[in-house]
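# Breakdown of the fold
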Amino acid sequence: MYYVWYIFCILEVFLSIRDVERKQASMMRKTFLTLPLKVQGVIWKTMACACFAMMNIIVRYLTGGSGGVEKALSSSQIAFLQYLIGAIFFLPVLVKKETFEALKTGRKTLHLMRVVFAASGVICLYYAFKSMPAAKAVALGFTSPILTVIGAAFYLRERIGPFRLIGILFGFTGAFLITRPDQAFMGDSYDPLGWIIALPLLASACFAASKVLGRKLASNGEAPKVLTTYILIFMAPIMLIPALVDWRPLEWEHFLYLIPLGIVATLGNLTHAYCYKCAEISFLAPFGFSRLLFTAFFAYSAFGELPRSEALWIGAVIIFAGTVIICFQEDEGRKKIKARAAPLSAG
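As the structure is a prediction and not an experimental result, all values here were calculated from the model.

When helices and strands are tallied, the protein chain shows 17 helices and 0 strands. Per-residue burial for the protein chain yields a buried fraction of 45% across its 347 residues. The contacts in the protein chain between residues at least 6 apart in sequence include a share of 85% that link residues at least 24 apart. Approximately 17900 Å² of the protein chain is accessible, and the part contributed by carbon and sulfur atoms is 68%.

Listed below in structure tokens is the structure:
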């Protein structure tokens, strides 16, 4: 139960500094706000990575992986309950009139496809946590931004420049080092994980498809509030369908982990949103690697899992380097667009 202490520490810090407009602010909040914006962004990003790492470990425990709960829950059931609890935390926001007005859009099919892809990615990733070390699954999950670039090139006709191409090559090289499919085909070794090792990659592909559809909707004029609202409202109902197929009896012990899971998921998404208000994506991207470090630390603390494979760490670094290159290129592209638009708006 050590992770519960981490959760409440993060919750206390978040609640103490999130409402920056209160007149009687605490000294901690005042100190935080005096920091440079980029430093604030790094803190938010690191807190988000810690929350996501805790999510990974709690899910691995609830699915019965590496000596978890005696009566394990299914991956789809955990995902449904996590988003249901998260929706309950967001209930004061969801009941506002503006929220339901945001659902009025002529692109409901694209919105629902985006949510379905996101839900499928979560289920695949959670199933992977049950059967393979959490650090390995997270390392392969870093391929999502790279797959997003490929999907955007085909679906949105976005141009793949030299930097993006280098990032893609880095990503595939790192994924190859971690999975080593050549060994399976050549018969040099046998991976006990079998096809399970492909699940994090499949999850990354689903997340990438969801992001590409999100870009498509945003380019068609959909407001960020609409995109967020659809995820918050429809994620749990869509998750309910596969959850009912493999529903398992719930016990009080499960809720000792499910409630912190819902809290951590909510905090992770909120802190992740705050970090990009403080600094550019290209600046914050390298700090995302802390998610793998946090996951390895929590996995070792909870299950005694310590990734000793050099190929895993080398592959993860290469994948992450490719992600940073892509993020840097996209951030530079946005700056050029703003620079071109500035004279037009001034005129």
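Next comes the rest of the description.
Let us look at the environment of C51. Along the chain, C51 turns up in helix α3 (residues 37–62). Accessibility expressed as a relative area gives 1% for C51, which makes it buried. Between the C-alpha atoms of C51 and I263, which are 212 residues apart in sequence, the distance is 9.2 Å.

Of all hydrophobic cores here, the largest spans 67 residues; its most connected members are L62, Y126, F129, L261 and L292. Looking at this core element by element, the count peaks at 11 residues for α3. Setting aside its immediate chain neighbours within four residues, L292 contacts A135, V138, A139, F142, W313 and A316. Formed by 7 residues, the second largest nonpolar core is a distinct cluster that contains C275, C278, A279 and L284.

As a further point, take the packing of aromatic side chains. Applying the stated rule across the entire model yields 7 aromatic pairs. What links up through ring pairs into an aromatic cluster is the set F294, F297 and F298. Taking NZ or CZ as reference, K216 lies 5.9 Å from the ring centre of Y155, over its face.

What follows covers the confidence of the model for the protein chain. Detailed conclusions should not be drawn from predicted coordinates in areas where pLDDT is low. Confidence in the prediction of the protein chain, expressed as mean pLDDT, is 75, and 72% of residues score 70 or more. Predicted confidence is poor over residues 20–25, with pLDDT under 50, and the contacts of this stretch with residues over four places away or in other chains come to 5 contacts. Here residues 184–190 is a poorly scored stretch, pLDDT under 50, and it has 3 contacts once near neighbours within four places are set aside; other chains count.

Turning our eyes to something else, we now look at the side chain of T143. Locating T143 in the fold gives a position in the loop between α8 (134–141) and α9 (144–155). Under the relative-accessibility criterion, T143 is labelled buried at 5%. Within the local environment of T143, its side chain forms a polar contact with the backbone oxygen of L140, the two atoms lying 2.7 Å apart. Not counting residues within four places of it along the chain, the set of residues in contact with T143 comprises G171, A175, L201, S204 and I319.

Turning to the packing of α3 against helix α16 (residues 290–303), a few remarks are in order. For the pair α3 and α16, the least separation of the axes is 8 Å and the interaxial angle reads 40 degrees. Between α3 and α16, the angle is such that the two are oblique. Note that α3 runs across α16; the crossing there is right-handed. Residues T46, C49, A50, F52, A53, M54, N56, I57, R60 and Y61 of α3 pack against S290, R291, F294, T295, F298, A299, A302 and F303 of α16. Partitioning the contact of α3 with α16 into residue classes produces 12 nonpolar, 4 polar and 2 charged.

Conventions we followed
Residues numbered from 1 in each chain as written. Predicted model: local features only at pLDDT ≥ 70, side-chain atom pairs only at ≥ 80, totals over all residues. Heavy atoms only, no water. Helix = DSSP H or I, 4+ residues; strand = E, 2+ residues; numbered from the N terminus. Buried < 20%, exposed > 50% of the residue type's maximum accessible area, 1.4 Å probe, protein only. Contact = heavy atoms within 4.5 Å. Areas by Shrake-Rupley, 256 points an atom, 1.4 Å probe, with all protein chains shown as cover. Core = buried A, V, L, I, M, F, W, Y, C linked by side-chain atoms within 4.5 Å. Phe/Tyr/Trp six-rings, centres within 6.5 Å; stacked < 30°, edge-to-face > 60°. Lys NZ or Arg CZ within 6 Å of the ring centre and 35° of its normal. pLDDT = per-residue confidence, 0-100. Polar contact = N/O pair within 3.5 Å; in protein donor to acceptor, adjacent residues only side chain to side chain. Axes fitted to C-alpha atoms, helices over the stretch in contact; angles between N-to-C directions. Parallel < 35°, antiparallel > 145°, perpendicular 65-115°, else oblique. Left-handed = near helix turned anticlockwise from the far one by under 90°. Nonpolar A, V, L, I, M, F, W, Y, C, P; charged D, E, K, R; others polar.

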